[in-house]
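# A closer look at the structure
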Amino acid sequence: MQLVVGKIGRAHGIRGDVSVEVRTDEPELRLGPGAVLLTDPASTGPLTVESGKVHSGRLLLRFAGVKDRNAAEALRGTVLIAEVDPEETPDDPEEYYDHQLIGLDVVLLDGTPVGELTEVVHLPYQDLLTVRKADGTEVLVPFVTRIVPVIDLENQRAVIDPPGGLIDPAGAEVAGSEAEEPVDGPEASAEDREESE
């Protein structure tokens with residue numbers, strides 16, 4: 001099983017270090033020294049992590065054979081992929097690997113079917129679940145406990161409690177649609193106008 005664990009950013013310094021956008025909850029395991037990573041595009045790898053450090057909140061890695069800034073810059077945009085045993089699960093019971101989630105049936109709290117979970121989108125500040133509805137359209141669901149309270153791997157389903165409009169745009173509330181008319185507007189009564197003066 002292959003998992004995307006990072007994406008190489010800009011070169012850092014002149015000795016071959018690169019910044020890495022981390023896409024795993026286990027960077028010390030997946031991106032630690034000695035880790036051998038597949039790449040996309042495949043022609044740039046495999047890459048072996050030689051060393052790593054955190055600098056100004058960013059992970060910097062150096063790969064074996066990448067000795068200067070030019071070689072490091074050539075790796076920019078490369079996606080890093082780890083081989084993982086499909087039976088392996090994260091240590092934290094509240095965490096999941098993408099392959100455990102893809103294919104789950106997505107239902108509302110009352111059991112109403114919504115669709116199938118087709119992808120996990122990793123963004124810097126939040127993960128999103130791509131759900132393909134029965135009509136073929138897709139919606140992105142924030143992967144947070146308030147909206148996705150239950151992941152039931154045994155029964156192969158994800159239970160969601162979406163805010164109005166997330167799944168069905170017709171249920172969206174428009175901000176300001178309930179706003180009251182000002183009391184001194186054309187419909188204000190004489191009593192209202194007196195109070196406002």
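First, a word on scope: everything that follows refers to the structure included in this document. The structure displayed is predicted, hence computed values, not measured ones. (Residues numbered from 1 in each chain as written. Predicted model: local features only at pLDDT ≥ 70, side-chain atom pairs only at ≥ 80, totals over all residues. Heavy atoms only, no water.)

Let us look at the overall build of the protein chain. Counting its regular elements, the protein chain contains four helices and 12 strands. Among the 197 residues that make up the protein chain, the fraction classed as buried is 31%. Excluding contacts between residues fewer than 6 apart, the proportion of contacts in the protein chain whose partners are at least 24 apart in sequence is 46%. Surface exposure of the protein chain reaches about 12,200 Å², of which carbon and sulfur atoms provide 49%. (Helix = DSSP H or I, 4+ residues; strand = E, 2+ residues; numbered from the N terminus. Buried < 20%, exposed > 50% of the residue type's maximum accessible area, 1.4 Å probe, protein only. Contact = heavy atoms within 4.5 Å. Areas by Shrake-Rupley, 256 points an atom, 1.4 Å probe, with all protein chains shown as cover.)

Attention now goes to unusual backbone geometry. Backbone torsion omega between D40 and P41 reads 10 degrees, so that peptide bond is classified as cis. Counting through the fold element by element, P41 comes out in the loop between β3 (36–40) and β4 (47–55). Of the consecutive residues G45 and P46, the connecting peptide bond is found in the cis state with omega at 0 degrees. One can find P46 in the loop between β3 and β4. A positive phi angle, close to 50 degrees, is found at S56, a residue other than glycine. Checked against the element boundaries, S56 lands in the loop between β4 and β5 (58–63). For S56, a relative accessible area of 67% puts it in the exposed group.

By the definition in use, this model includes six salt bridges. With a shortest N-O distance of 3.0 Å, E21 and R23 are connected by a salt bridge. A relative accessible area of 35% places E21 in the partly exposed class. Relative accessible area serves as the criterion here: at 24%, R23 is assigned to the partly exposed category. In this structure, E73 engages R76 in a salt bridge whose closest nitrogen and oxygen atoms are separated by 2.9 Å. (Salt bridge = Lys/Arg side-chain N within 4 Å of Asp/Glu carboxyl O.)

Membership of the largest hydrophobic core comes to 21 residues, with the highest contact counts inside it found for L31, L37, F63 and L80. When residues of this core are traced back to their parent elements, those giving at least two are β1 (2–12), β2 (17–22), β4, β5 and β6 (79–83). Look past the residues within four positions of L37 in its chain and what remains in contact with it is V5, R30, L31, P46, L47, V49, F63, L80, I81 and A82. Residues L101, V141, V148 and I151 belong to the second largest nonpolar core, which totals 16 residues. (Core = buried A, V, L, I, M, F, W, Y, C linked by side-chain atoms within 4.5 Å.)

Here we take up the sheet that holds strand β10 (residues 138–142). Sheet strands line up and pair through hydrogen bonds in the backbone, either parallel or antiparallel. Strand order across the open sheet formed by six strands is β10-β9-β8-β7-β12-β11, with mixed pairing between neighbours. One side of each edge strand has no neighbouring strand; the edge strands of this open sheet are β10 and β11 (150–152). Direction aside, neighbouring strands of the sheet carry axes that sit 35 degrees apart on average. Pairing of strand β9 (residues 127–133) with β10, which is carried by five bridges, proceeds in the antiparallel orientation. Counterpart to T130 in the pairing with β10 is L140. (Pairing = 2+ DSSP bridges. Axes fitted to C-alpha atoms, helices over the stretch in contact; angles between N-to-C directions.)

For D152, the position within the fold is in strand β11. Reaching out from D152, the side chain makes a polar contact with the backbone nitrogen of E154 at a distance of 3.3 Å. (Polar contact = N/O pair within 3.5 Å; in protein donor to acceptor, adjacent residues only side chain to side chain.)

Here we come to the sheet that holds β4. Reading around the circumference, β1-β2-β5-β4-β3-β6 is the order of the six strands in this closed barrel, with antiparallel pairing throughout. Put simply, the sheet's adjacent strands are angled 50 degrees from each other on average, direction ignored. Bridge count for β2 against β5 is three bridges, and the pairing is antiparallel. Note that in β5 the partner of V20 across the bridge is L59.

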